[in-house]
Amino acid sequence: QVQLVESGGGLVQAGGSLRLSCAASGSIFSINAMGWYRQAPGNQRELVAAITTGSSTNYADSVKGRFTISRDNAKNWVYLQMNSLKPEDTALYYCNAIIRLAPGGPSYNYWGQGTQVTVSS
């Protein structure tokens, strides 16, 4: 059983900052990519940022220069530092991880339950 648990969401004024955290736990052999997605009402879920085991990163154009993704491979945590927040960043933010449960076995895609980020103007 694998769980991803997010924390750190909340209400912040435009221009403010929040830091999201996500902990992966359970019967994990290894974790490949980890990332953050978001979904605003009426919109599709979109990639915000992703990071590989080797710390290569990828960001949505809309957050480049404002958000920073990082991870702690030893503890199976991933973080998203969000600065200069805008009202359009308001969404439910989901943690995602590609996890292998056994040596040589397949990898599976796991999601957290989501944490709400609301940015007021």
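Refer to the structure presented above.
Residues numbered from 1 in each chain as written. Predicted model: local features only at pLDDT ≥ 70, side-chain atom pairs only at ≥ 80, totals over all residues. Heavy atoms only, no water.

*Asks:* Is there a simple way to think about the sheet that holds strand E7 (residues 67-72) in this case?
*Replies:* Taken in spatial order, the four strands line up as E1-E3-E8-E7 in an open sheet, and their pairing is antiparallel. The strands lining the two open edges of the sheet, one partner per strand, are strand E1 (2-7) and E7. Geometrically, the sheet is characterised by an average inter-axis angle of 15° between neighbouring strands, direction not taken into account. Examined bridge by bridge, E7 and strand E8 (residues 77-82) share six bridges and lie antiparallel to one another. (Pairing = 2+ DSSP bridges. Helix = DSSP H or I, 4+ residues; strand = E, 2+ residues; numbered from the N terminus. Axes fitted to C-alpha atoms, helices over the stretch in contact; angles between N-to-C directions.)

*Asks:* Please clarify how the packing of aromatic side chains should be interpreted in this entry.
*Replies:* The geometry of two aromatic rings is summed up by the distance between their centres and the angle between their planes. The full count for this structure, using the stated rule, is three aromatic pairs. Ring centres 4.9 Å apart and planes at 70° place the aromatic pair Tyr37 and Trp111 in the edge-to-face group. Of this pair, Tyr37 sits in strand E4 (residues 30-39) while Trp111 sits in strand E10 (residues 107-111), and the two are 74 residues apart along the sequence. Take Tyr37: its relative accessible area is 24%, and that puts it in the partly exposed class. By relative accessible area, which is 35% here, Trp111 ends up partly exposed. Taken together, the aromatic side chains of Tyr37, Tyr94 and Trp111 make up a single cluster linked through ring pairs. Here the basic side chain of Arg19 rests over the ring of Tyr79, its NZ or CZ set 4.2 Å away from the ring centre. Lying over the aromatic face of Tyr94, Arg45 brings its terminal NZ or CZ to 3.7 Å of the ring centre. (Phe/Tyr/Trp six-rings, centres within 6.5 Å; stacked < 30°, edge-to-face > 60°. Buried < 20%, exposed > 50% of the residue type's maximum accessible area, 1.4 Å probe, protein only. Lys NZ or Arg CZ within 6 Å of the ring centre and 35° of its normal.)

*Asks:* Sorry if this is basic, but what is going on with the pairing of strand E9 (residues 91-100) here?
*Replies:* Side-chain positions along a regular strand alternate between the two faces of the sheet. Counted residue by residue, E9 has seven buried out of ten residues, so it is predominantly covered. Bridge analysis of E4 against E9 gives eight bridges, and the strand direction is antiparallel. Pairing of Met34 across the sheet is with Ala97, part of E9. Taken together, the three bridges between E9 and strand E11 (residues 115-120) define a ladder with antiparallel strand orientation. Paired with Leu92 across the two strands is Gln116, which belongs to E11. As paired elements, E9 and E10 share five bridges and run antiparallel to each other.

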